[in-house]
Amino acid sequence: MTSDASPEPATMLAALMQSRQHTGPKHLVEPGPGEVVLRALFSAAATAPDHGRLLPWRFIVLGPEGRKRLSHAFAEALHERDPAATEDQLADARAKAARGPVLVLAIARLQSGHEQVPPEEQLVSLGAAIQNLLLAAEAHGFASGLSSGRGMRSDAMRRAFELAEGEQAICCITLGTALRPRLPRPRPPMEAFVFFES
Ligand SMILES: Cc1cc2nc3c(=O)[nH]c(=O)nc-3n(C[C@H](O)[C@H](O)[C@H](O)COP(=O)(O)O)c2cc1C
C-alpha cells in the first residue's frame, strides 16, 4: 500500500530545502551564528548516515589564528602551482580566508583499507553531514556557502592544518547573513535524474 499524504513536517522540510542555496562568501556578512547555534549545527551534522560508524569526517571552526594559517596556505598553494603568480593574485588568495563571519573547514578522514566501507561511501557520509549542517543553518536563519579549489588539495593545506594520513580538506563552509535577498534557485527537473520503474 502507498500513501501520498504530505504531513506538515514534510512541507516545512521541503520549504527549508528549497530556500537553502549557495551564497558566495563575499556576500555573507554579520551576523553569523554564535557558539550555541554552531553547536546545534554540528549536532545536525552528527545525524548523517555513517556506514560502519567510522566518523569519516571532522570540522574545524577557524578562529583568527586558523584564518591566518588558511590565508598563508592559500597563498603558498598558489605559489606552488604558479611560481609566477603576482603579488595581487597572492593577496586575492589570502583574502579568501578573511571572508564571512564564520568559517568552517570540512575535512574527510578516509580509511582506505576498510573491508565493508570504501572511501567513496565515507565521502558520501561527509556530504550528508555538510548538507545537514547547511539545512540546520538555514533553519536558524543563516545563509551559507561552500568553497573549495585547488588550495584544498595542496601540501600547504596539509601542513597548515597538520592533516593526518587519510585526511583530506574538502571545502570551506562560510556561514552568515546574505547581503542581498536571494532569488529562488531553479532545481534540476526530476526527469533528469529519476526513473520510476513500473
Ligand atoms: C564540495 C563542494 C565544493 C564547492 N565549492 C565551490 C566553490 O569553490 N565555489 C563556488 O562558487 N561554489 C562551490 N560550491 C557550491 C556549488 O557551486 C553550489 O552548491 C551549486 O552551484 C548549486 O547551487 P545551490 O547550492 O545554491 O543549490 C561547492 C559545492 C560543493 C558540494
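As annotated in an unreviewed UniProt entry, the chain is Putative NAD(P)H nitroreductase from Ideonella azotifigens. Under the UniProt heading Sequence similarities (unreviewed entry), the entry covering the chain gives this text: "Belongs to the nitroreductase family." UniProt, in the comment section headed Cofactor (unreviewed entry), describes the chain in these words: "FMN".

1. Brief notes about the UniProt feature "domain: Nitroreductase" (unreviewed entry) in the chain
Taking the UniProt record as the reference, the feature "domain: Nitroreductase" (unreviewed entry) is found at residues 37-176. Secondary structure content for residues 37-176 is 45% helix and 20% strand, and the end C-alpha separation is 12 Å.

2. Some thoughts on the nonpolar core
Counting residues in each nonpolar core, the largest one holds 37 residues, and the members touching the most others are Phe-74, Ala-106 and Leu-133. Each residue touching Leu-133, except ones within four places of it in the same chain, is listed here: Leu-41, Phe-42, Ala-44, Ala-45 and Ile-173.

3. Quick notes on the pairing of strand E5 (residues 167-178)
In this structure, strand E1 (residues 28-29) lies alongside E5, joined through 2 bridges in antiparallel fashion. Paired with Val-29 across the strands is Thr-177, a residue of E5. The pairing of strand E3 (residues 102-109) with E5 spans 8 bridges and is classified as antiparallel. Note on E5: the bridge partner recorded for Leu-105 is Cys-172.

4. Here we look at unusual backbone geometry
For the bond from Glu-30 to Pro-31, the omega torsion is 0°, close enough to zero to count as cis. Structurally, Pro-31 is set in the loop between E1 and helix H2 (35-45). A positive phi angle is found at Leu-55, which is not glycine, with a value near 45°. Looking at the element boundaries, Leu-55 is found in the loop between H2 and strand E2 (57-61). At Glu-162, a position not held by glycine, the phi torsion is positive, near 45°. Note on placement: Glu-162 falls in the loop between helix H6 (155-160) and E5.

Cut-offs used in this document
- Residues numbered from 1 in each chain as written.
- Predicted model: local features only at pLDDT ≥ 70, side-chain atom pairs only at ≥ 80, totals over all residues.
- UniProt positions renumbered as here; feature names shortened; annotations may be inferred.
- Helix = DSSP H or I, 4+ residues; strand = E, 2+ residues; numbered from the N terminus.
- Core = buried A, V, L, I, M, F, W, Y, C linked by C-beta atoms within 7 Å.
- Buried ≥ 20, exposed ≤ 12 C-beta atoms within 10 Å, placed from the backbone.
- Contact = placed C-beta atoms within 7 Å.
- Pairing = 2+ DSSP bridges.

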